[in-house]
Amino acid sequence: MTDRFILADDPIALPQGAWAKTERRTLRRGNLPVLSLTQGHHRPYLFPVYTPQGFAVTSECPADHPHHNSFWIASDHVDCWMPAADGRKEQYTYNFYVNETFQGRAPGRILQTQAMGEETAAGYRITQEMEWRGPVEWAAPEGRLAARERRRLDLKLEGGAYVIDVESQLSAAAWDLSLGPTRHAYFNLRVAESIAVTSGGRVVNDRGASGGAAVSGAGAHWVHYCGPVGGGHWAGLALFPDPRDHRDPWWFVADWGVVTVGPFRLEKRDIRQGETMTLRYRVLLHDGDLPAAVIAERYAAYLAGLR
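Here's a quick rundown of the structure. (Residues numbered from 1 in each chain as written. Predicted model: local features only at pLDDT ≥ 70, side-chain atom pairs only at ≥ 80, totals over all residues. Heavy atoms only, no water.)

### So, the overall build of the protein
Part 1 of the reasoning: When helices and strands are counted, the protein shows two helices and 22 strands.
Part 2 of the reasoning: Taking 307 residues into account, the globule formula puts the C-alpha radius of gyration at 19 Å, and the protein, at 19 Å, falls close to it.
Part 3 of the reasoning: Along the first, second and third principal axes, the C-alpha atoms of the protein reach 65 × 55 × 40 Å.
Part 4 of the reasoning: Residues classed as buried in the protein amount to 53% of the 307 residues present.
Part 5 of the reasoning: Of the roughly 13,900 Å² that the protein leaves accessible, carbon and sulfur atoms contribute 50%.
Part 6 of the reasoning: Between the centroid of the 33 positive side chains of the protein and the centroid of its 35 negative side chains there is a distance of 2 Å. (Helix = DSSP H or I, 4+ residues; strand = E, 2+ residues; numbered from the N terminus. Rg over C-alpha atoms; globule rule 2.2 N^0.38 Å. Buried < 20%, exposed > 50% of the residue type's maximum accessible area, 1.4 Å probe, protein only. Areas by Shrake-Rupley, 256 points an atom, 1.4 Å probe, with all protein chains shown as cover. Lys, Arg positive; Asp, Glu negative; His and termini not counted. Charge placed at Lys NZ, Arg CZ, Asp CG, Glu CD.)

### Some remarks on empty space enclosed by the protein
Part 1 of the reasoning: Applying the stated criterion across every chain, the model contains two cavities of 30 Å³ or more.
Part 2 of the reasoning: Roughly 40 Å³ of internal volume is contained in the largest cavity.
Part 3 of the reasoning: Around the largest cavity sit Leu46, Phe71, Trp72, Ile73, Gln128, Arg151, Leu153, Val166 and Phe187, which together line it.
Part 4 of the reasoning: Elements with a minimum of two residues in the lining of the largest cavity: β5 (71–75) and β11 (145–158).
Part 5 of the reasoning: Per element, the largest residue contribution to the lining of the largest cavity is three residues, and it comes from β5.
Part 6 of the reasoning: Tallied by class, residues from the lining of the largest cavity come to seven nonpolar, one polar and one charged.
Part 7 of the reasoning: Quantified by volume, the second largest cavity comes out at close to 30 Å³.
Part 8 of the reasoning: In terms of lining, the second largest cavity is formed by Glu23, Arg25, Leu37, Thr38, Gln39 and Gln112.
Part 9 of the reasoning: Of all the elements, strand β3 (residues 32–39) adds the most residues to the lining of the second largest cavity, at three residues. (1 Å grid on protein atoms, 1.4 Å probe; cavity = no way out; pocket = protein on both sides within 12 Å on 5 of 7 lines; lining within 4 Å. Points joined across faces, edges and corners; volume = space filled by probe spheres on them. Nonpolar A, V, L, I, M, F, W, Y, C, P; charged D, E, K, R; others polar.)

### Structural notes on the pairing of strand β6 (residues 78–83)
Part 1 of the reasoning: Pairing of β6 with strand β7 (residues 89–95) involves six bridges; the strand directions are antiparallel. Following the sheet pairing, Cys80 is matched in β7 by Tyr92.
Part 2 of the reasoning: Remark: five residues form the turn of the hairpin made by β6 and β7, two consecutive strands paired antiparallel; Asp86 in that turn has positive phi of roughly 60 degrees.
Part 3 of the reasoning: The pairing of β6 with strand β13 (residues 176–179) spans four bridges and is antiparallel. Each bridged residue has a counterpart across the sheet, and for Cys80 the counterpart in β13 is Leu177. (Pairing = 2+ DSSP bridges.)

### Observations regarding the layout of surface pockets
Part 1 of the reasoning: Quantified by volume, the largest pocket comes out at close to 310 Å³.
Part 2 of the reasoning: For the largest pocket, the lining is made up of 17 residues, of which Arg247, Asp248, Pro263, Phe264 and Glu267 are closest to its centre.
Part 3 of the reasoning: Here the residues of the lining of the largest pocket sort into seven nonpolar, three polar and seven charged.
Part 4 of the reasoning: Of all the secondary-structure elements, those providing two or more residues to the lining of the second largest pocket are β11, β12 (161–172), β22 (276–287) and α2 (292–306).
Part 5 of the reasoning: With four residues, α2 is the largest single contributor of residues to the lining of the second largest pocket.
Part 6 of the reasoning: Classifying every residue of the lining of the second largest pocket by side-chain character gives five nonpolar, one polar and nine charged.

Pasting the structure below:
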C-alpha cells in the first residue's frame, strides 16, 4: 500500500434524473480514509476525521447541537456596516454559527465556491474558497455577501499522528464588518460521543486542569480530548491555537464534547474593506491514550516550528 494522499469525489449512486444537493470529497492515504470535505446546508466542515489507525474521532451533527459539525469554523456575531443614504451606515447583524435564528440574529450560510488539493513535500494541502452570505431577504435573494474566506489545510503524518494546520483568511467584501464579542467563535471541534467525558473520556489543558468547566476560560495554550473508541482502543485530538493570532485565547469546552477557541470573547474584531484577518490553528489526531506530557512535547515542537 502506498502512503500517497489522494483527494477524490465520493461516488453516490442515484436513480436516473436525480442528483445530490451537495458533495463529499474524501482524502485518502493509500486505501485508508483520512478526512472528508463536506458542504453542509449552512457551512463546510470536515467529517469524517480519522486517526492513522482509522478511528473516527469527531461527531457530525449531534442531536443536541445539530450546528456542531465535527471540525468547522463559524461565528454567531457578525455585523456588517452597510452604506445607506446621505453617507450613513446601517448595522446588519447575522449569525453564522447556529442554523436557526439565534438571539434575534438570522442565520447566514458559509458556501464553498472552490476547493483544490495538491501534494506537498510534507503531505497534502487543501485550499478552499468560501463566501459568507447572509440569509435570503428583501432585495437580496442570494443573501448579502458579508465576507470572503480562504481556508488552507496542510496535513501530514508526523510522529505517528496526523497533523492538520488550519489557516483561515477572512476578508471584508463590499463593506466593513466586525466579529464578536462572543464565545461562539472561531475554530470548533465536536468529539465523537465515546470520547466525551460523559462517556468515559477526559479533557485536560496545559495548566493541568481537567473537565470542561475547569478547562474553559482564558489563557490555556492547548486542550487535549482523549477517550475510548471501541475494542479496547483509545484515541484523541489536541488543539493548538497559533499564539501569533491568540495573545490570550478564550476556550469554551464541555464534558459532552465541544471545544471552541478564538480571540473574540471579550472584544470585537473589526475588518475593514481591503483588510484580511488571519487566524491559525493546529489539530493533532492520534491513536492511543497519550499523557499530557506527550501533548506538551508536541506543542513545544509546534512553537519551535513557528520561529
